Amino acid sequence: ILHYVNDNFPHVRVETCSGGGGRFDPGMLYFGPQIWASDNTDVLSRLAIQHGTSLVYPIMSIGAHVTAVPNHQTQRVTSLKARFLVSLFGTFGLELDVRRLEKHEALELREY
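Along each chain, numbering runs from 1 in the same order as the chain's sequence is written. Under the rules for a predicted model, residues below a pLDDT of 70 receive no local features and side-chain atom pairs below 80 are neither given nor counted, while totals for whole chains, interfaces and linings still include all residues. Here the side-chain values reflect all heavy atoms present in the structure, with hydrogen atoms and water set aside.

Asker: Residue-level account of the overall build of the protein chain, with values.
Answerer: Helix and strand definitions here come from DSSP, where helices need a minimum of 4 consecutive H or I residues and strands a minimum of 2 consecutive E residues; each element is numbered from the N-terminal end. On a plain count of helices and strands, the protein chain comes out with 4 helices and 4 strands. Mapped from its N terminus to its C terminus, the protein chain presents α and β elements in the order α-β-β-α-β-α-β-α. Projecting the C-alpha coordinates of the protein chain onto the three principal axes gives extents of approximately 45 × 25 × 20 Å. Burial classification: accessible surface area is computed with a 1.4 Å probe over protein chains only, and a residue below 20% of its type maximum counts as buried, one above 50% as exposed, and the rest as partly exposed. The burial tally for the protein chain puts 33% of its 112 residues in the buried class. What makes two residues a contact is simply this: any of their non-hydrogen atoms within 4.5 Å. Counting contacts in the protein chain only where the partners sit at least 6 residues apart, residues at least 24 apart contribute 56% of the total. Distance from the positive charge centre (10 side chains) to the negative charge centre (11 side chains) of the protein chain: 5 Å. The convention is simple: Lys and Arg are positive, Asp and Glu are negative, and His and the chain ends are not counted. Where a charge lies is defined by one atom per residue type, namely NZ (Lys), CZ (Arg), CG (Asp) and CD (Glu).

Asker: Run through the packing of helix 2 (residues 43–54) against helix 3 (residues 80–87), naming residues and quoting values.
Answerer: Axes, fitted as lines to C-alpha atoms, cover a helix only where it is in contact. Angles between the N-to-C directions of the axes lie from 0 to 180 degrees. Contact geometry of helix 2 with helix 3 gives a least axis separation of 10 Å together with a crossing angle of 15°. As summarised for this structure, helix 2 and helix 3 are arranged roughly parallel, according to the angle between their axes. Crossing geometry of helix 2 relative to helix 3 is assigned as left-handed. Between helix 2 and helix 3, the contacting residues are Val43, Arg46, Leu47 and Gln50 on the first element and Ala82, Arg83 and Val86 on the second. Along the lines of polarity and charge, the residues of the contact of helix 2 with helix 3 split into 4 nonpolar, 1 polar and 2 charged. The labels follow the angle: roughly parallel below 35 degrees, roughly antiparallel above 145, roughly perpendicular from 65 to 115, and oblique for the rest. For a crossing to be left-handed, the near helix must be turned anticlockwise from the far one by less than a right angle; the clockwise case is right-handed. Think of it as three bins: nonpolar holds Ala, Val, Leu, Ile, Met, Phe, Trp, Tyr, Cys and Pro, charged holds Asp, Glu, Lys and Arg, and polar takes everything else, Gly as well.

Asker: Explain the pattern of salt bridges to me, using residue names and the numbers behind them.
Answerer: Any carboxyl oxygen of Asp or Glu that lies within 4 Å of a side-chain nitrogen of Lys or Arg is treated as forming a salt bridge with it. Tallied over the entire structure, the rule returns 3 salt bridges. Note that Asp97 is salt-bridged to Arg99, the shortest N-O span being 2.9 Å. For Arg99, a relative accessible area of 72% translates into the label exposed.

Asker: Describe the layout of surface pockets, with residues and values.
Answerer: Cavities and pockets were defined on a 1 Å grid built over protein atoms only: a cavity is a set of grid points that admits a 1.4 Å probe from which the probe cannot escape, a pocket is an open set flanked by protein on both sides within 12 Å along at least five of seven lines, and lining residues are those with an atom within 4 Å of any such point. Grid points are joined across faces, edges and corners, and a volume is the space filled by probe spheres set on the points. By volume, the largest pocket amounts to about 180 Å³. In terms of lining, the largest pocket is formed by Ala68, Val69, Arg83, Leu96, Asp97, Arg100, Leu101, Glu102 and Glu105. Split into classes, the residues belonging to the lining of the largest pocket amount to 4 nonpolar, no polar and 5 charged.

Asker: So what's going on with the nonpolar core? Residues and values would help.
Answerer: By nonpolar core we mean a set of buried residues, namely Ala, Val, Leu, Ile, Met, Phe, Trp, Tyr and Cys, connected to one another through side-chain atoms within 4.5 Å. Counting 6 residues, the largest nonpolar core is built from Val66, Leu80, Phe84, Leu96, Leu101 and Leu109. What Leu101 contacts, discounting residues up to four positions off in sequence, is Leu96, Ala106 and Leu109.

Asker: Got a sec to walk through the packing of helix 3 against helix 4 (residues 103–111)? Specific residues and values, please.
Answerer: Between helix 3 and helix 4, the least distance of the axes is 10 Å, while the angle of their chain directions is 35°. Handedness of the helix 3/helix 4 crossing: right-handed. Residues Leu80, Lys81, Arg83 and Phe84 of helix 3 pack against Glu105, Glu108 and Leu109 of helix 4.

Asker: Which residues make up empty space enclosed by the protein, and what values go with them?
Answerer: Inspection of every chain in the model, using the stated rule, returns 1 cavity of 30 Å³ or more. Each pocket or cavity is described by its volume, and for the largest cavity that value is around 110 Å³. What lines the largest cavity is a set of 17 residues, and nearest its centre among them are Thr41, Val43, Arg46, His65 and Thr67. Looking at the lining of the largest cavity, the elements with two or more residues in it are helix 2, strand 3 (65–67) and helix 3. Residues of the lining of the largest cavity, tallied by class, amount to 6 nonpolar, 7 polar and 4 charged.

Here it is as structure tokens:
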């Protein structure tokens, strides 16, 4: 299937994922240049997840996003700066509704 997708839709980027339990294979980078290492998006958890993943995968292939707080898995509240900086250790993205940011957070995000 992935051969077909890559051959017939060369401009579509495929992101493979852990599928639970950290089960992903470095050989999958042949089919998709990006992996999602874990559904755990808590910034402190992601430090360990992304560090461990970077031992095998290139940083440019590790999906990493800024997410909303409180975190939906741990209920931890962390600063926007911390979430932003950790997400730079990967394929930076925003996984939150920017319309729901506090005014000071929106202004801070623009600074980055």
